[in-house]
Amino acid sequence: MERGWLYDGTSAVRHEVEVAGAGESLIVRYADGDSSEVPRAKLFHVDGRGDFEVFGHVGVDGWRLGVPKAASATLGPILPPRRRYGRWIDRIGLWKAVAGAVAVSAALIFVATRFPAWVAPFVPKSWEAGFGAPIMAGLEGRFCNTAQGRAALSKLTATLTPRAGELDVQVVDIGIVNAAALPGDHILIFEELLTRADGPEELAGVLAHEIAHIENRHVTAAMVRQLTFGLFVSLVGGGTGANLETFLQSRYSRGAESEADEDAIRALQRARISPLGAAAFFAKVGREEARMGALGRGLSYISTHPAPLERERRFRASAEAGTAYKPPLDPEEWRALQRICRDDPARR
Amino acid sequence: MDAKTTQPLGEESARGEAFAFTGTWQEFLPIALTNLLLTIVTLGIYRFWAKARERQYLWSRTRMIDDHLEWTGTGKEMFLGFLMVFLALIPVICLIFLASYLFTGNTLAKILGGLLMLAVYGGLFYMTGVASLRALRYRLSRSYWHGIRGGSDDGGWRYGLEYMWRTLAMFFSLFLATPWAQTRLWNARFNKMSFGQHRFHAEADAQGLMKRWLIIYGIIIGAFVVFFAAAASMNGVRAPSGGGAALALLAIGMFIVLYIGVPLALLAYYAAYYRRVAETTGIAGLRFRFHARTMDWLLLLLGHFGLIIITLGVGALFIGYRNYSFAVRHLDLEGDVDIARLTQSSTRAPTDAEGLADAFDIGAI
């Protein structure tokens, strides 16, 4: 017989009770002599409170029985075990649960990083175009067009890929040194990239890179990943999930960038365009990042692109001595392309 | 039977404090660390169970009058509540996609897209209000004391409307109506809540809050006036050299005033706000008191920063713990509680947990 206390769940009054075991049940005896029997299966452990372990009663809201901690010697077998991490984890143990979760999570991450590339080729182009359209519509009025400029751009695109006709390459009057591939086979070249380039070879390198993104369906794969695993993990996983998503996204896109660089180098080789232009471009980007501080190097670990100096090296190394490289555009064409925004009659 | 049923609180503890926090960081650390570990290895899904474990500990180390509180919410129900809301939000996400697609069409489509966008965001605005009431209801329904819990039978649907119009009034008054809106919304939430068979009653008003709220405006306007007056006088003098440097110094000074002065004034406002809403909220002959002054809040926040810096970030695990124990240590009750006549709540225990509030990332109080 152990002395305990009871809240019966109907009123807040605390009853002094005596508790004893009887087979698979607990007998709770009130001070006035009444008693009730609680089967072991109905008991669950709530908490340790001072010198008492507190138990609840399945199906009786607020029923709480305090049993002295010292009573575990006599009542031990009847009292349910302590709950800690959650039912599944308590059952198999913390470390086994951690190991299991690591295995499942690793498998999930593996699939999540591979499966977008598997699925991407099967995504209909029309479906993909629907995602690019709002972005293109948002840029309405910023596209640059002149007859000579367009002709030069088309010529350059055609030297880099046999499927130039399926691509929509546009120059946008935005003052950043960059280019982008959008869902729906759109390639955007931002004006500053053109005006700052020292020759058509620089542009050819960047354009070949963006074409490779589209032909490898990297844009599609990134979308598939974001709309499936990315959405799920960052919503269900909260802060941890969002961090993981950022990390995986940067990992994924770094892989895609490297692949696009390799394809771009091959495309330049096929077209007999010197890769030194692209190398010079990345050297420029690298110098700019270096100006922003040594932080740049550290950031490249989590950034979405490989470090520019690494890319410069790769393009420079692909240059073959003795190859007769030819400029992809003649000086007149290149000038027309560089001035495509300034000379656009609709923009003056 | 227990004879002493009506307990004057003053006699319960020497300092007349109805609440005490009895937890220690040594006890909490293993909970926080295993929570972190399990959350990471489960890609974040364990966070629901982690929250339940954390609250279970914090509640169990909170003594109210003569016994400790108990948190009975489970990770599973919070996870399911979240999934429920998550599924409900999928059509909303689709509508947002549809609206942004409509924007690419002709004028009529653009108008339709705009209306759709307005409807979706209006709906989310409304649901934010609903969620804050439901989160409070859930927390009370899982909080036990003497085997008795709280709750509410109100679904928050009308509160959502009240939240909308008072928040809009706040915006349109250039936030001058903030103390008014916040206290009225506090009342609207707590007047719907109960513990046992007793209803909470809250009648907070903006008394004493308006002055502190206006100080924020004073600091901002004052900083700008001083800056422009000084800039204008310098212009008049036409300082041949050093004028630019003095102006820059003045601008820096203004930013310091704004970035330190405004948060401090905000802190002073919220210190007064919580004291006011506590002392005007009560239940069955009991009235709450919240004793934290601006300086206490400031020390709490500086403590957070210090802890995180000294522990190189690990201390962030203790922010929730520190906030909770701060609240408990400054909370008090006045009046008598008739324990024999406190009976179980008849409210339905909600099953949606904090799903909605979690989705909108808002707290309950």
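Read on for a plain summary of the structure. Everything numeric here is computed off the predicted structure, so don't read it as measured data. Every chain's residues receive numbers from 1 upward, in the order its sequence appears when written. Note on labels: chains are lettered from A, ligands numbered from 1, in written order. Confidence filtering applies because this is a predicted model: local features only for residues at pLDDT of at least 70, side-chain atom pairs given and counted only at 80 or more, and all residues used for totals across whole chains, interfaces and linings. Derived side-chain values reflect all non-hydrogen atoms in the structure, with water molecules and hydrogen atoms excluded from consideration.

Observations concerning the state of the cysteines
Residues and elements named next belong to chain A.
Then, in step 1: Throughout, a disulfide means two cysteine sulfur atoms within 2.5 Å of one another. This model, assessed by the stated rule, comprises 1 disulfide over all chains.
Then, in step 2: Here Cys144 engages in a disulfide with Cys341; their sulfurs sit 1.9 Å apart. On the sign convention where negative is left-handed, the bridge of Cys144 and Cys341, at about 90° about the S-S bond, is right-handed. In this pair, Cys144 sits in strand 8 (residues 143-144) while Cys341 sits in the segment after helix 13 (331-338), placing the two residues 197 residues apart along the sequence.
Then, in step 3: Each residue is assigned to one of three classes by its accessible area relative to the maximum for its type, calculated with a 1.4 Å probe on protein chains only: buried under 20%, partly exposed between the two thresholds, exposed over 50%. Look at Cys144 and you get buried, because its relative accessible area is 0%. Put simply, DSSP marks the helices as runs of H or I at least four residues long and the strands as runs of E at least two long, and each gets a number from the N terminus on.

Here's the deal with the sheet that holds strand 8 of chain A
Then, in step 1: The strand order 8-9-11-10 (chain A) describes an open sheet built from 4 strands, whose pairing is mixed. One side of each edge strand has no neighbouring strand; the edge strands of this open sheet are strand 8 and strand 10 (179-182) of chain A. At least two bridges found by DSSP between two strands is the condition for calling them paired.

Notes on the interface of chain A and chain B
Then, in step 1: Contacts are assigned to residue pairs that have any heavy atoms within 4.5 Å of one another. In this assembly, 40 residues from chain A lie in contact with 42 residues from chain B.
Then, in step 2: Accessible surface is computed with a 1.4 Å probe, and the buried area is the amount of it that two parts give up when combined, taken over both parts together. When chain A packs against chain B, the two sides together hide about 3,300 Å² of surface, and 65% of this comes from carbon and sulfur.
Then, in step 3: Looking only at chain A, the three residues that lose the most surface to chain B are Ala12, Arg49 and Val236 of chain A, adding up to 17% of its buried area.
Then, in step 4: Take a side-chain nitrogen of Lys or Arg and a carboxyl oxygen of Asp or Glu: if they are within 4 Å of each other, that pair is a salt bridge. At the boundary of chain A with chain B, the tally comes to 5 salt bridges.

A few points about the pairing of strand 4 (residues 67-71) of chain B
All names here are of chain B.
Then, in step 1: For strand 4, a buried count of 5 out of 5 residues is recorded, marking the element as mostly surrounded by other parts of the structure.
Then, in step 2: In this sheet, strand 4 lies alongside strand 3 (residues 62-64) in antiparallel orientation, the contact comprising 2 bridges. When the bridges of strand 4 are listed, Met64 appears paired with Asp67.
Then, in step 3: Where strand 3 folds back onto strand 4 in an antiparallel hairpin, the turn is made up of 2 residues, including Ile65, whose phi is positive at roughly 60°.
Then, in step 4: Across 3 bridges, the pairing between strand 4 and strand 5 (residues 143-145) is antiparallel. Each bridged residue has a counterpart across the sheet, and for Leu69 the counterpart in strand 5 is Trp145.

Remarks on the pattern of salt bridges
Then, in step 1: Applying the stated criterion across every chain yields a total of 29 salt bridges over all chains.
Then, in step 2: In this structure, Lys284 of chain A engages Asp198 of chain A in a salt bridge whose closest nitrogen and oxygen atoms are separated by 3.6 Å. Of this pair, Lys284 of chain A sits in helix 10 (residues 276-291) while Asp198 of chain A is found in the loop between helix 6 (191-196) and helix 7 (200-215), placing the two residues 86 residues apart along the sequence.
Then, in step 3: Put simply, Arg14, Arg49 and Arg64 of chain A together with Asp67 and Glu70 of chain B are held in one network by salt bridges that share partners.

Nothing here speaks to function; it is all geometry.
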